[in-house]
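Fold and contact review
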Amino acid sequence: MKKLLLLYKLIESKYKQRDIDIFYRYFGLKGYQKEKGKDIAKSIGISPSMVTAVVNAILSTLKKDSKPIEFFDGLK
């Protein structure tokens, strides 16, 4: 649980709310159901490739800190 809170804090300190919501929806975090990128894209009016870009940008940020990224090792 501590890693998850650290993950949220790191993401929320660096990204806009739209990008945060995309990321949480994509992975099913913080009360969101897990969704496919194309479904997220359609619901907010962006391309699926933009969803992928947002998710990859946030993952790249998280990779700089090994503690939060360990959380994602279990999701893949």
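Our subject is the structure that appears above.
Residues numbered from 1 in each chain as written. Predicted model: local features only at pLDDT ≥ 70, side-chain atom pairs only at ≥ 80, totals over all residues. Heavy atoms only, no water.

**Examining the packing of aromatic side chains**
Centre-to-centre distance and the angle between the planes together describe a pair of aromatic rings. Scanning all chains against the criterion turns up four aromatic pairs. Residues Tyr24 and Tyr32 carry aromatic rings whose centres are separated by 6.4 Å and whose planes lie at 40 degrees to one another, so their mutual orientation is tilted. We classify Tyr24 as buried; its relative accessible area is 2%. Feature note: the residues Tyr8, Tyr24 and Tyr32 constitute an aromatic cluster, connected by ring pairs. Seen from the ring of Tyr8, Lys30 lies directly overhead, with NZ or CZ sitting 5.0 Å from the centre. (Phe/Tyr/Trp six-rings, centres within 6.5 Å; stacked < 30°, edge-to-face > 60°. Buried < 20%, exposed > 50% of the residue type's maximum accessible area, 1.4 Å probe, protein only. Lys NZ or Arg CZ within 6 Å of the ring centre and 35° of its normal.)

**Considering the packing of helix 1 (residues 2-14) against helix 4 (residues 48-63)**
One way to put it is that helix 1 packs onto helix 4 with a least axis distance of 11 Å and a crossing angle of 120 degrees. On the basis of the axis angle, helix 1 is oblique to helix 4. Handedness of the helix 1/helix 4 crossing: right-handed. The residues of helix 4 that touch helix 1, namely those facing Leu7, Leu10, Ile11 and Lys14, are Ile58, Thr61 and Leu62. Of the residues that constitute the contact of helix 1 with helix 4, the class distribution is five nonpolar, one polar and one charged. (Axes fitted to C-alpha atoms, helices over the stretch in contact; angles between N-to-C directions. Helix = DSSP H or I, 4+ residues; strand = E, 2+ residues; numbered from the N terminus. Parallel < 35°, antiparallel > 145°, perpendicular 65-115°, else oblique. Left-handed = near helix turned anticlockwise from the far one by under 90°. Contact = heavy atoms within 4.5 Å. Nonpolar A, V, L, I, M, F, W, Y, C, P; charged D, E, K, R; others polar.)

Don't take any of this as a statement about function, it's just geometry.
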